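Now for the letters of each chain:
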Amino acid sequence: MAREKFGTLTEQMFYVLLVLQEECYGADIMDKVAFITNDRVKIGAGTLYSLLESFLSVKMIEETRVEGRKRCYKITEIGKTAMQKEANRLEILSGHFAKYWKGGEKL
Amino acid sequence: MRNTKLAYLGDTIYDYEGIQRKLEREALKGWKLLKKQGKSTMKFERINPSPLKYAVTYFHEASEFNSEPTENQAVFIEMCEASGWEYVCSAGQMLIFCSDKENPTPIETGEQQKLNSIHKSMKAGYLPSYYLLVAMSLMFIGMKVYDMLHRPIYFYSELTNIMSLVVFTLLLFWEIYYIARYFVWKNKSQKSIDVGGGCVPTGGKAIQKVFYTFMAIVIVFYACSTFLRSSQTIFLSIALFVVMFGISFLILRLVKKSRLPKIASIAVYAVTSFVLIMALTFGGIMLYLQSDFNNQGEQRYLDTLPLTLENFTQIPNVEYSYKADIDKTSLLEYGKYRQYPPYGDYDSPKIDYEIFTSEHDFVRHAVLSDLLSSYDNEKDVEFEYRSIWTEIEIQGADIAYQVYRNNQPRLDKYIICKNDSIISIFFVDDFSESEIENAINILLEEI
């Protein structure tokens, strides 16, 4: 189920999981994603809430701490596996692009 | 100069872009959204015109029945506030935020997540309400169609029946159109997202305007015809409707203040609304019937009747009441005529008859069938004891019937058709044959 739902990750999913290598709460995640992407990728609070809910439901992340209404999350082993698969997929895509795109090897 | 105003945000709840645009236009005109007021309106306060940004988003756990936001909803609101948005208010599952920043990060940046949260919210609140409305409309239409088929006299002679059927049929079409439009929008949006696009515009605004205009015309026509009739029953119905709406709103407010869990709130709201509304409806009906019954005993009527007892027989010197009740629609005129002695006088003769007039064959046919079916419940009774409407000859009538039993006239009960009219008359008291013939001739000349 988890693999089907997150067979490929969108850019926003990818960055959320990326920053969750370290324990973060909602606002942290939004700030860190904006920081590491130089504001190219911005995640809205509503979208982030939905993503966190979905990741939790398939155990790709876990809730680590609750401070008042701040909830902290961290990636799990399932999440790390999904990230690794996505990184491999992107690497393959990038490799094919370099090899075959304009002026590269003939198909 | 007023500092607050009320406005309606429309009924296309999932049209987040349209609602955002409307709120932003209001801000430019100097009105900032303050809170939800009443069942479906929003209250605005006057501000200096400014380019405020609004975000309309959806949270499936939000509900009209929650006394305060759920824990998850509060977390969601706090996350949105942390990203620079100010929470303004909620309406059902719809949450509205505002920002005075020039380019705030939108609350929804993922199209799939946005569509999912809209659909979750639609499933949690709006769609079930529309399904309930469809069921209610179908029930009312069913009741009115039943009346049309089984109680045609009542149906065709009361304008409220015909108008109710028209209004509920229109509402049913609208509700089905609303539900279908939502699913078409959702499917189109999903297809667009699947190929890298976003949610598509909602559309259908022109049809919405046409429908509202049409409904407004129907309601104005309905109201005008109601006021022109000045019937006590209709005024009572309108008063009941207003009181019921008020009660329903008050119960909702009380339930919200009671801080009960959502399910308990819904149950309390449904049960108390049902009990109070039923009590009020039946109380109102009983009050009306009681006053009508009391009036009948005391009040003397002197209406003009097409046929009176003195037209065809000798009457004692008592203060008779002459009562004519006429229900009229464009399809059927239904006159109920009674001449009766004072309350408690059981010896003096009385007369009671009805005249139905319609230009429409199908209405006359339905009325006649209804009148002729008055002894259908005796179908299983043996022939010699069974009352049967039997066709008879009456001079001047197109067709006439009298109640027979065992091939013999049993009662002086007649149905007489002539041109566009049908007369139904029952001579309960002992009148001679010539008196009855005379009375029928007078009526036939009148119609």
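Above this text is the structure in question.
Being a predicted model, the structure only gives us computed values, none of them experimental.

Rules behind the numbers
- Residues numbered from 1 in each chain as written.
- Chains lettered and ligands numbered in written order.
- Predicted model: local features only at pLDDT ≥ 70, side-chain atom pairs only at ≥ 80, totals over all residues.
- Heavy atoms only, no water.
- Core = buried A, V, L, I, M, F, W, Y, C linked by side-chain atoms within 4.5 Å.
- Buried < 20%, exposed > 50% of the residue type's maximum accessible area, 1.4 Å probe, protein only.
- Contact = heavy atoms within 4.5 Å.
- Pairing = 2+ DSSP bridges.
- Helix = DSSP H or I, 4+ residues; strand = E, 2+ residues; numbered from the N terminus.
- Axes fitted to C-alpha atoms, helices over the stretch in contact; angles between N-to-C directions.
- Patch = residues over 30% accessible without salt bridge, like charges linked within 9 Å, V, L, I, M, F, W, Y side chains within 5 Å.
- Areas by Shrake-Rupley, 256 points an atom, 1.4 Å probe, with all protein chains shown as cover.
- Salt bridge = Lys/Arg side-chain N within 4 Å of Asp/Glu carboxyl O.
- Lys, Arg positive; Asp, Glu negative; His and termini not counted.
- Charge placed at Lys NZ, Arg CZ, Asp CG, Glu CD.
- Buried area = accessible area lost by both parts, 1.4 Å probe.
- Phe/Tyr/Trp six-rings, centres within 6.5 Å; stacked < 30°, edge-to-face > 60°.
- Lys NZ or Arg CZ within 6 Å of the ring centre and 35° of its normal.
- Expected span 1.5 Å × (residues − 1).

Asker: I keep staring at the nonpolar core and nothing clicks. Help me out?
Answerer: If you look at soluble globular proteins, the nonpolar side chains tend to sit buried side by side. Ranked by size, the top nonpolar core spans 58 residues in total, and within it B:Leu23, B:Leu33, B:Met94 and B:Ile96 carry the most contacts. Not counting the four nearest positions on each side in its chain, B:Met94 is found in contact with B:Ile13, B:Ile19, B:Val56, B:Thr57, B:Tyr58, B:Cys89 and B:Tyr126. A:Phe55, B:Phe59, B:Cys80 and B:Leu95 belong to the second largest nonpolar core, which has 40 residues in total.

Asker: How should I be thinking about the sheet that holds strand 3 (residues 41–46) of chain B in this particular structure?
Answerer: Two strands in a sheet stick together by hydrogen bonds in their backbones, pointing the same way (parallel) or opposite ways (antiparallel). Residue and element names in this part refer to chain B. Pairing is antiparallel across the open sheet formed by three strands, whose spatial order is 1-3-2. Taken across any chain shown, the strands that pair with only one partner, and hence form the sheet edges, are strand 1 (4–8) and strand 2 (31–37). When the angles between neighbouring strand axes are averaged without regard to direction, this sheet yields 35°. Note that strand 2 and strand 3 share six bridges and pair antiparallel. Its bridge partner being in strand 3, Gln37 is matched across the sheet by Thr41. On top of the sheet, helix 1 (residues 16–28) reaches strand 1, strand 2 and strand 3; it is set at about 130° to strand 2, its chief contact.

Asker: Honestly, a positive patch on the surface in this entry has me stumped. Any pointers?
Answerer: Residues and elements named next belong to chain B. Residues Lys35, Arg253, Lys256 and Lys257 make up a contiguous surface patch of positive charge. You can see Lys257 is positioned in helix 7 (residues 232–257). The exposed category is assigned to Lys257, whose relative accessible area is 61%.

Asker: What exactly am I supposed to notice about the interface of chain B and chain A here?
Answerer: Accessible area lost upon the coming together of the parts serves often as the stated size of an interface. Facing the 20 residues of chain B at the interface are 20 residues of chain A. For the chain B and chain A pair, buried surface summed over both sides reaches about 1600 Å², with 56% attributable to carbon and sulfur atoms. Counting the contacts that link chain B with chain A gives two salt bridges. As a salt-bridge pair, A:Glu53 and B:Lys120 come within 3.5 Å of each other at their nearest N and O atoms.

Asker: Just checking my understanding: could you explain the sheet that holds strand 6 (residues 94–99) of chain B for this structure?
Answerer: All names here are of chain B. Spatially, 4-6-5 is the arrangement adopted by the three strands of the open sheet, whose pairing is antiparallel. Each edge of the open sheet is held by one strand with a lone partner, namely strand 4 (53–58) and strand 5 (86–91). Between one strand axis and the next, the sheet turns through 25° on average, direction left out of account. Relative to strand 6, strand 4 runs antiparallel, the two being bridged by six bridges. Note that in strand 6 the partner of Val56 across the bridge is Ile96. Where helix 1 meets the sheet, its contacts fall on strand 4 and strand 6, and the angle it forms with strand 4 comes to roughly 150°.

Asker: Would you mind going over the packing of aromatic side chains with me for this structure?
Answerer: Aromatic ring pairs: the centre-centre distance and the angle between the two ring planes describe each pair. All names here are of chain B. Here the structure, examined in full by the defined rule, presents 26 aromatic pairs over all chains. Each ring, one from Tyr14 and one from Tyr182, has its centre 5.0 Å from the other, and the planes form 70°; the classification is edge-to-face. Of this pair, Tyr14 sits in the loop between strand 1 and helix 1 while Tyr182 is found in helix 5 (residues 159–194), placing the two residues 168 residues apart along the sequence. Each of the two residues, Tyr14 as well as Tyr182, counts as buried. Relative to Phe362, the ring of Tyr156 lies with its centre 5.9 Å away and its plane at 80°, an arrangement referred to as edge-to-face. Placement of the pair is Tyr156 in helix 4 (residues 152–157) and Phe362 in helix 9 (residues 361–372), with a sequence separation of 206 residues. By relative accessible area, which is 7% here, Tyr156 ends up buried. For Phe362, a relative accessible area of 48% corresponds to the partly exposed category. Within the aromatic cluster, the residues linked to one another by ring pairs are Tyr14, Tyr130, Tyr178, Tyr182, Phe183 and Trp185. Taking NZ or CZ as reference, Lys5 lies 5.8 Å from the ring centre of Phe44, over its face. The positively charged end of Arg338 is found above the aromatic ring belonging to Tyr340, 4.2 Å away from the centroid.

Asker: Before we go on, may I ask you to explain a nonpolar patch on the surface in this structure?
Answerer: Side chains of B:Val271, B:Phe274, B:Val275, B:Met278, B:Phe282 and B:Ile285 sit close together on the surface and give an oily, nonpolar patch of about 560 Å² of accessible area. Along the polypeptide, B:Val275 turns up in helix 8 (residues 262–298).

Asker: How should helix 10 (residues 433–446) of chain B be read in this particular structure?
Answerer: Residues spaced three or four apart along an α-helix face the same direction, because each turn holds 3.6 residues. All names here are of chain B. For helix 10, with 14 residues, the first-to-last C-alpha span of 20 Å sits near the 20 Å given by 1.5 Å per residue. Within the span of helix 10, buried status applies to Glu435, Ile436, Ala439, Ile440, Ile442, Leu443 and Leu444. Those residues of helix 10 that are buried are in contact with strand 9 (351–357), strand 12 (408–418) and strand 13 (421–426).

Asker: How do you make sense of the pattern of salt bridges when you look at a structure like this?
Answerer: Two side chains with opposite charge may pair up if their charged atoms get near one another. A complete count under the given rule lists 21 salt bridges over all chains for this structure. B:Asp147 is the salt-bridge partner of B:Lys144, the closest N and O atoms lying 3.6 Å from each other. Of this pair, B:Lys144 and B:Asp147 are both found in helix 3 (residues 111–150), three residues apart, which corresponds to roughly one turn of the helix. Here B:Lys144 matches B:Asp147 in class, with each residue buried. Of the charged contacts in the structure, one is a salt bridge between B:Asp327 and B:Lys336, with a shortest N-O distance of 3.5 Å. Note on B:Lys336: relative accessible area 29%, which makes it partly exposed. Several salt bridges converge on common partners, so that one network encompasses A:Glu23, A:Arg65 and A:Glu67.

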